[in-house]
6 protein chains.
Amino acid sequence: MTPSTTNSTGHEDNRYERGWNKLKEIDGQAGERVIASLQNIAPDLGKYIIEYAFGDIYSRPTLDPRQRQLITISTLTTQGGCEPQLHVHIHASLNVGLTPEEVVEAIIHCSPYTGFPKVLNAVSVAQRVFEERGLLPLA
Amino acid sequence: MTPSTTNSTGHEDNRYERGWNKLKEIDGQAGERVIASLQNIAPDLGKYIIEYAFGDIYSRPTLDPRQRQLITISTLTTQGGCEPQLHVHIHASLNVGLTPEEVVEAIIHCSPYTGFPKVLNAVSVAQRVFEERGLLPLA
Amino acid sequence: MTPSTTNSTGHEDNRYERGWNKLKEIDGQAGERVIASLQNIAPDLGKYIIEYAFGDIYSRPTLDPRQRQLITISTLTTQGGCEPQLHVHIHASLNVGLTPEEVVEAIIHCSPYTGFPKVLNAVSVAQRVFEERGLLPLA
Amino acid sequence: MTPSTTNSTGHEDNRYERGWNKLKEIDGQAGERVIASLQNIAPDLGKYIIEYAFGDIYSRPTLDPRQRQLITISTLTTQGGCEPQLHVHIHASLNVGLTPEEVVEAIIHCSPYTGFPKVLNAVSVAQRVFEERGLLPLA
Amino acid sequence: MTPSTTNSTGHEDNRYERGWNKLKEIDGQAGERVIASLQNIAPDLGKYIIEYAFGDIYSRPTLDPRQRQLITISTLTTQGGCEPQLHVHIHASLNVGLTPEEVVEAIIHCSPYTGFPKVLNAVSVAQRVFEERGLLPLA
Amino acid sequence: MTPSTTNSTGHEDNRYERGWNKLKEIDGQAGERVIASLQNIAPDLGKYIIEYAFGDIYSRPTLDPRQRQLITISTLTTQGGCEPQLHVHIHASLNVGLTPEEVVEAIIHCSPYTGFPKVLNAVSVAQRVFEERGLLPLA
């Protein structure tokens, strides 16, 4: 495995553009709203999220978008206190083709590792997202 | 989605057995050693891990074993201080068919969410596991 | 200490029932509401909370219900972001006979270990619970 | 470095007074409100915050108030779930002379270490504080 | 509940002495070693631990030493990465009269709240302490 | 505050180079060893640390290197389990001109926020770094 420095340097100019497209594709309008909300206080932070999280990380091969969302849901559930980000990324999970049942299953899978309280908090966010999309009750 | 109480109650007697088989299938000898290490101090804890984590959770449908390991790696990386459990579950990830590259990719994917330090600690455990299996360097 | 596999297997059929009774005894209506809120999205998660947290763990001997609530308050205070669960379990603590002063003392005892911010957040939840029960001001 | 036991013992009687003055100087009315809110439930906790956090720690030499606020913002951002305390301490940071840009920069600096979600949550608190002070948009 | 400012101010001179005696009573030589280890780098930190954790908090009424150790074990288990402090406080728990079974039970009780990994790490510390005291296997 | 997209895009090609120089300047050989250790398993992760943490974040204006290290020490102390990274960054703190006393003070300042255990763990790393540099005892 050799570092992709040379290759990616060639694409450096595109990091922002590639990231912005990726963010819109995955997070949709919810993601755009996060970036917009930073304009009056920390626009560079929005730029870093676009460039690093989406232009670099989400644009990598090896794992597909659905696998990446499972990982994202797990890390956000585990951290606790990241309900706003869970809200964005549960929407994103459905956007990239995970079913509501798979989203809930990913959260439940965390329970032996991180305990019921954080899992309940994450399910509660999923509930809000599914309501917004008219997906409840799950059959 | 109706609760699976009735069904699973029918299988209650098998929770321990089902969990033990699942643990051996996924975690292999490393998992068995964790359970064995509890015998002189907290055997019931071993029983709960077998029954709840493996008999209940890992035995559920909706997500396959490779998806479950991606989620497990993410929650353990994010918590921090769970290096012994990461060691078991990176072995488990390879046991169920994830490639070393996918394991590393799952850890790297956590970096925008949980930061570089915990990601570095998890990669360091992966490095140890891959060395134990003669998989380094990744090409 | 031999594992209680055999014994508890004999009681396996009763885990859900035993847990449900324990949950109602300790958490009261607040606990029932948590389970009910999961019905349209993750009823199995409610089942696991009943069976594992209450049927298995809270039903164990060695520590009495008041000791268990002190431990629960400590772990929830320490995790942070578990205000909804603290709300349920501070009610539960009073239900099983802890005094409001003991609840507050348990939270204050965490301060050298977990710092003032999480302790303040937990006291704030206690304040809400005590108001709901007409217990303020503490004399 | 010899322990300052003797010296500080001489000042022991002043810990509460010194802390109270320091709290008012740094946190201002927001800090006083935190202490006041504890009167009906845990007044001793307020006393400990005054004596230990402000009378002991914030009154130490070696680091100046602006350096201390940078550290405080970093630890509160990193813990997650400490939005109420961040609110108090971002006000405090401005009170002791940090610029809004320095506050935001301190939060952004945490991003490679603690990830974007907690950083976004902290920026969101900063946004609220800056709005309360009429400081937005940052130019 | 009125703040105990006046009373405790009268005892201020004794905070260090009272704390030091309490630390020796509860933590024993392990606690003294922690303080001694700070002498060449941060003696004031040792002083604060003695004065605040032991002179103020552990010296409070309302909860007895065994209840306080249950809470301490829970907060340390939950934080993760506090194995050295768990080592000291599991010794302390036995010093104040908790049985090894109660210590293990307190740790197991955290499992529905904080997950198995941190619980396993804490049991592993308990195992080391019990071995040092010749208490294994638990019968 | 307008986003620095255009400017930094112009410098995109230099992110890696600028980051590498910054990493060597701040973290010195300890930082280089971290990057080197990733070559056989996750070289891209090393690249991201260089580009994002050092090329983007540490290269920003508004806070100087000593202020940034105070923030870094605080976030690493607070997270817990980041002892290897604390080791690198306490060395880095001395490299950029913080005194050992300021490093210890930054750690102690976290104690009211994050509690004594994590503070003790961080002081213990500082002790190791200061020993490696022959700086103990602090006078």
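Here goes a summary of the coordinates provided. Computed from a prediction, not measured in an experiment: that's the story for all the values here.

1. What about the overall build of chain A?
At step 1: The helix and strand tally for chain A stands at nine helices and zero strands.
At step 2: Reading chain A from its N terminus to its C terminus gives the helix and strand order α-α-α-α-α-α-α-α-α.
At step 3: The C-alpha radius of gyration of chain A comes to 16 Å, within 12% of the 14 Å expected for a compact globule of 139 residues.
At step 4: Residues counted as buried form 65% of the 139 residues belonging to chain A.
At step 5: Of the roughly 4600 Å² of accessible surface on chain A, a fraction of 50% belongs to carbon and sulfur atoms.
At step 6: Positive and negative side-chain charges in chain A, numbering 12 and 16 respectively, have mean positions lying 2 Å apart.

2. What to know about helix α3 (residues 28–37) of chain C
Residue and element names in this part refer to chain C.
At step 1: Three or more residues of α3 are buried, namely Gly 28, Ala 30, Gly 31 and Ile 35. Taken around the axis of α3, the buried residues stretch over an arc of 165 degrees, which confines them to a single face. In α3, those exposed residues whose orientation departs by more than 90 degrees from the buried face are Gln 29 and Arg 33.
At step 2: The inward-facing, buried residues of α3 contact α2 (15–26), α4 (43–57) and α6 (83–95).

3. Here's the deal with unusual backbone geometry
Residue and element names in this part refer to chain A.
At step 1: Residue Pro 137 is reached from Leu 136 by a cis peptide bond, and omega for that bond is -5 degrees.
At step 2: With respect to the helices, strands and loops of the structure, Pro 137 is situated in the segment after α9 (116–132).
At step 3: A positive phi angle, near 80 degrees, is found at Thr 62, a position not held by glycine.
At step 4: The partly exposed category is assigned to Thr 62, whose relative accessible area is 39%.

4. Comments concerning the interface of chain A and chain B
At step 1: Each side of the interface is counted separately: chain A has 34 residues, and chain B has 34 residues.
At step 2: Overall, the association of chain A and chain B removes approximately 3200 Å² of surface from exposure, summing both partners, and the carbon and sulfur fraction of that is 65%.
At step 3: Counting every contact that joins chain A to chain B gives four salt bridges.
At step 4: Linking A:Arg68 and B:Glu105 is a salt bridge whose minimum nitrogen-to-oxygen distance equals 2.8 Å.
At step 5: Linking chain A with chain B are 23 residue pairs in polar contact (both at pLDDT 80 or more).
At step 6: The greatest single-element share of the side of chain A that touches chain B, amounting to ten residues, is contributed by helix α5 (residues 65–79) of chain A.
At step 7: Its residues assigned to classes, the side of chain A that touches chain B shows 18 nonpolar, eleven polar and five charged.

5. A look at empty space enclosed by the protein
Rolled over the atoms, a probe sized like a water molecule indicates the empty space that remains.
At step 1: Taken as a whole and judged by the stated rule, the model has nine cavities of 30 Å³ or more.
At step 2: Taken together, 35 residues make up the lining of the largest cavity; nearest its centre are A:Lys118, B:Gln79, B:Lys118, D:Lys118 and E:Lys118.
At step 3: For the lining of the largest cavity, the secondary-structure elements that each account for two or more residues are α5 of chain A, α5 (65–79) of chain B, α5 (65–79) of chain C, α5 (65–79) of chain D, α5 (65–79) of chain E together with α5 (65–79) of chain F.
At step 4: Within the lining of the largest cavity, the residues separate by chemical class into no nonpolar, 29 polar and six charged.
At step 5: Each pocket or cavity is described by its volume, and for the second largest cavity that value is around 60 Å³.
At step 6: As for the second largest cavity, its lining consists of 13 residues, and the residues nearest its centre are F:Thr77, F:Gly80, F:Gly81, F:Glu83 and F:Asn121.
At step 7: Secondary-structure elements contributing two or more residues to the lining of the second largest cavity are α5, α6 (83–95) and α9 (116–132) of chain F.
At step 8: The dominant element in the lining of the second largest cavity, judged by the number of residues it contributes, is α9(F), at three residues.
At step 9: When grouped by side-chain class, the residues that make up the lining of the second largest cavity number five nonpolar, six polar and two charged.

6. Details of the relation of the copies chain A and chain B
At step 1: Screw-axis analysis of chain A against chain B gives a translation of 0.0 Å along the axis, an RMSD of 0.0 Å, and a rotation angle of 180 degrees. When the rotation and shift are considered jointly, the pair of chain copies conforms to a two-fold rotation axis.
At step 2: When the interface residues of chain A are mapped onto chain B, 100% of them again fall at the interface, so both copies present the same face.

7. Notes on the packing of α6(F) against helix α7 (residues 100–109) of chain F
For any two helices packed against each other, the geometry comes down to the angle between their axes and how far apart the axes lie.
Residue and element names in this part refer to chain F.
At step 1: Contact geometry for α6 and α7: axes closest at 9 Å, N-to-C directions at 135 degrees. When the axis of α6 is compared with that of α7, the two are oblique. The handedness of the crossing between α6 and α7 comes out as right-handed. Contacts between α6 and α7 involve Ile 90, Ser 93 and Leu 94 on the former and, on the latter, Pro 100, Val 103 and Ile 107.
At step 2: Of the residues assigned to the contact of α6 with α7, the class counts are five nonpolar, one polar and no charged.

8. Some words on the side chain of C:Gln79
At step 1: With respect to the helices and strands, C:Gln79 occurs in helix α5.
At step 2: Looking at C:Gln79, the relative accessible area reads 11%, which means it is buried.
At step 3: A polar contact of 2.8 Å, which involves the side chain of C:Gln79, links it to the backbone oxygen of E:Tyr113.
At step 4: Beyond its immediate chain neighbours, meaning those up to four positions away, C:Gln79 contacts A:Thr114, A:Pro117, A:Lys118, C:Lys118, E:Thr78, E:Tyr113 and E:Thr114.

9. A few points about the packing of aromatic side chains
Think of a pair of aromatic rings as described by two things: how far the centres are apart, and how the planes are tilted against each other in angle.
At step 1: The full count for this structure, using the stated rule, is 21 aromatic pairs over all chains.
At step 2: Summarising the aromatic geometry, the rings of A:Tyr48 and F:Tyr52 are spaced 5.5 Å apart at their centres and angled 75 degrees between planes, so their arrangement reads as edge-to-face. Of the two residues, A:Tyr48 is situated in helix α4 (residues 43–57) and F:Tyr52 in helix α4 (residues 43–57); the pairing between them involves two chains. For the residue pair A:Tyr48 and F:Tyr52, the accessibility class agrees, reading buried in each case.
At step 3: Seen in terms of ring centroids, D:Phe54 and D:Tyr58 are 4.8 Å apart; in terms of plane orientation they differ by 10 degrees. Their pairing is stacked. Comparing D:Phe54 with D:Tyr58, the two get one shared label, buried.
At step 4: Put simply, the rings of A:Tyr48, A:Tyr52, B:Phe116, D:Phe116, F:Tyr48 and F:Tyr52 touch in pairs and so form one group of aromatic residues.

10. Details of helix α2 (residues 15–26) of chain B
At step 1: Here α2(B) spans 16 Å end to end across twelve residues, near enough to the 16 Å set by a 1.5 Å rise per residue.
At step 2: Taken as a whole, α2(B) has its buried residues at B:Arg15, B:Gly19, B:Lys22, B:Leu23 and B:Ile26. Here the buried residues of α2(B) occupy an arc of 100 degrees about the axis, which is enough to place them on one side.
At step 3: Check the buried side of α2(B) and you find it contacts α3 (28–37), α4 (43–57), α5 and α6 (83–95) of chain B together with α2 of chain C.
At step 4: After α2(B) finishes, the residue B:Gly28 shows a positive phi value of roughly 65 degrees.

11. As for the pattern of salt bridges
Side-chain pairs of opposite charge can arise whenever the charged atoms involved come near each other.
Residues and elements named next belong to chain A.
At step 1: Per the stated rule, a full pass over the model turns up 52 salt bridges over all chains.
At step 2: With a shortest N-O distance of 3.9 Å, Arg 18 and Asp 56 are connected by a salt bridge. Taken together, the positions of Arg 18 in helix α2 (residues 15–26) and Asp 56 in helix α4 put the pair 38 residues apart, joining distant regions of the chain.
At step 3: On the basis of relative accessible area, Arg 18 is assigned to the partly exposed category, the value being 28%.
At step 4: One network of salt bridges, in which partners are shared, links Arg 15, Arg 18, Lys 47, Glu 51 and Asp 56.

12. A word on the packing of helix α7 (residues 100–109) of chain A against α5(B)
At step 1: Put simply, α7(A) and α5(B) touch, their axes get as near as 10 Å, and they point 50 degrees apart. In this view, α7(A) runs oblique relative to α5(B), as classed from their interaxial angle. Remark: the crossing between α7(A) and α5(B) carries right-handed chirality. Residues A:Glu105, A:Ala106 and A:His109 of α7(A) touch α5(B), and the partners they reach there are B:Arg68, B:Ile71 and B:Thr72.
At step 2: When the residues that make up the contact of α7(A) with α5(B) are grouped by side-chain class, the tally is two nonpolar, two polar and two charged.

13. Some remarks on the environment of D:Trp20
Residues and elements named next belong to chain D.
At step 1: Following the sequence through the fold, Trp 20 ends up in helix α2 (residues 15–26).
At step 2: Remark: the alpha-carbon pair of Trp 20 and Gly 97, spanning 77 residues in sequence, is separated by 20 Å.
At step 3: If we skip the residues at most four places from it in the chain, Trp 20 touches Glu 32, Ile 35 and Ile 50.

Rules of the game
- Residues numbered from 1 in each chain as written.
- Chains lettered and ligands numbered in written order.
- Predicted model: local features only at pLDDT ≥ 70, side-chain atom pairs only at ≥ 80, totals over all residues.
- Heavy atoms only, no water.
- Helix = DSSP H or I, 4+ residues; strand = E, 2+ residues; numbered from the N terminus.
- Rg over C-alpha atoms; globule rule 2.2 N^0.38 Å.
- Buried < 20%, exposed > 50% of the residue type's maximum accessible area, 1.4 Å probe, protein only.
- Areas by Shrake-Rupley, 256 points an atom, 1.4 Å probe, with all protein chains shown as cover.
- Lys, Arg positive; Asp, Glu negative; His and termini not counted.
- Charge placed at Lys NZ, Arg CZ, Asp CG, Glu CD.
- Arc of directions from axis to C-beta.
- Contact = heavy atoms within 4.5 Å.
- Buried area = accessible area lost by both parts, 1.4 Å probe.
- Salt bridge = Lys/Arg side-chain N within 4 Å of Asp/Glu carboxyl O.
- Polar contact = N/O pair within 3.5 Å; in protein donor to acceptor, adjacent residues only side chain to side chain.
- Nonpolar A, V, L, I, M, F, W, Y, C, P; charged D, E, K, R; others polar.
- 1 Å grid on protein atoms, 1.4 Å probe; cavity = no way out; pocket = protein on both sides within 12 Å on 5 of 7 lines; lining within 4 Å.
- Points joined across faces, edges and corners; volume = space filled by probe spheres on them.
- Least-squares fit on C-alpha atoms with pLDDT ≥ 70 in both.
- Axes fitted to C-alpha atoms, helices over the stretch in contact; angles between N-to-C directions.
- Parallel < 35°, antiparallel > 145°, perpendicular 65-115°, else oblique.
- Left-handed = near helix turned anticlockwise from the far one by under 90°.
- Phe/Tyr/Trp six-rings, centres within 6.5 Å; stacked < 30°, edge-to-face > 60°.
- Expected span 1.5 Å × (residues − 1).

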